[in-house]
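# Overview (structure and organization)
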Amino acid sequence: MTVTLEASDGVGTIRLDRPPMNALDVATQDRLRELAEEATRRDDVRAVVLYGGEKVFAAGADIKEMQVMDHAAMVVRSRALQDSFTAVARIPKPVVAAVTGYALGGGCELALCADFRIAADDARLGQPEILLGLIPGAGGTQRLARLVGPSRAKDLIFTGRHVKAEEALTIGLVDRVVPAAEVYEQAHAWAARLAKGPALALRAAKESVDAGLETDLDTGLTIERNWFAGLFATEDRERGVRSFVEEGPGKAKFL
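A brief look at the structure comes next. Just so it is clear, the structure is predicted and the values come from calculations on it, not from any experiment.

### Structural notes on the side chain of aspartate 236
Positionally, aspartate 236 belongs in helix α11 (residues 235–247). Of the side chains bearing the opposite charge, arginine 239 lies closest to the buried aspartate 236, which forms no salt bridge; the N-O distance is 4.8 Å.

If you want it as structure tokens, here you go:
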């Protein structure tokens, strides 16, 4: 399998495994969608790590495979490509990308689907599609601009240049830079901490932020209000409030 899902202690690791560069061919894209949907369904997966291994996250699409596709073929395939990445972005649980080596093109777009990105100090990220006479097609023009702002996104997309880890941190493309040997460990620790949290409240928080970014403020506030009120019907809310009153803040244990 080019992509696998393994779960332990509430954390599911979606691992890309297509040596040498984890090129995202059609089979890998489809497998990503399948495993994102599986991670969404599984009760034993409460948080997710996206990982490509110690050497590379994902160096982008399989260019040789793309070379033989004409316009008609890509009209059909481009929707499936976006749907695969959107399935990852819509996992209703905390998702962290553990970025090692290169995260270019589709690899960068995959990292953008996470809620949080931890990068190796020698990582390189970018959207080099323009160098092929193309533009990003798996959400890069949209998610990148929403994350770092339109001007910075256009700089990266127009030039196709690679961004080193420290610059990626400065512009907000990644959230933490750590030694390469610690990337997966720290990503797993981030996910494991949240896996112990209130699952429904985390889902509500993620969907409120993500859906709110796609609409106007009043609609976003309505989304937030409905989720906030709805959580008062959950056992997690009862458990959390009772623990706060009886034991003080931060001591609740959620199922």
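### Digging into the environment of arginine 143
Residue position: arginine 143 is located in helix α5 (residues 140–148). Separated by 30 residues in the primary sequence, arginine 143 and cysteine 113 place their C-alpha atoms 7.7 Å from one another. Excluding anything up to four places from it in sequence, arginine 143 contacts Phe85, Thr86, Ala89, Leu112, Cys113 and Ala138. One polar contact links arginine 143 to threonine 86, side chain to side chain, over a distance of 3.3 Å.

### Considerations on the pairing of strand β6 (residues 116–120)
Regular strands place side chains that alternate from one sheet face to the opposite one. With respect to burial, β6 is a largely interior element, five of its five residues being buried. Covered by surrounding structure in β6 are Phe116, Ile118 and Ala120 together with Arg117 and Ala119, the residues of both alternating faces. In the sheet, strand β4 (residues 95–99) pairs with β6 via four bridges, with the strands oriented parallel. Following the sheet pairing, valine 96 is matched in β6 by phenylalanine 116. Relative to strand β9 (residues 176–178), β6 is paired through three bridges, and the arrangement is parallel. The residue bridging isoleucine 118 from the neighbouring strand is arginine 176, located in β9.

### Regarding the sheet that holds β4
The strand order across the open sheet formed by six strands is β1-β2-β3-β4-β6-β9, and the pairing between neighbours is mixed. Only two strands of the sheet have a single neighbouring strand rather than two, namely β1 (3–8) and β9. Recorded for the sheet is a direction-independent mean angle of 20° between the axes of neighbouring strands. Where β1 lies against strand β2 (residues 11–16), six bridges are found, and the strand directions are antiparallel. Paired with serine 8 across the strands is valine 11, a residue of β2.

Analysis parameters
Residues numbered from 1 in each chain as written. Predicted model: local features only at pLDDT ≥ 70, side-chain atom pairs only at ≥ 80, totals over all residues. Heavy atoms only, no water. Helix = DSSP H or I, 4+ residues; strand = E, 2+ residues; numbered from the N terminus. Buried < 20%, exposed > 50% of the residue type's maximum accessible area, 1.4 Å probe, protein only. Lys, Arg positive; Asp, Glu negative; His and termini not counted. Salt bridge = Lys/Arg side-chain N within 4 Å of Asp/Glu carboxyl O. Contact = heavy atoms within 4.5 Å. Polar contact = N/O pair within 3.5 Å; in protein donor to acceptor, adjacent residues only side chain to side chain. Pairing = 2+ DSSP bridges. Axes fitted to C-alpha atoms, helices over the stretch in contact; angles between N-to-C directions.

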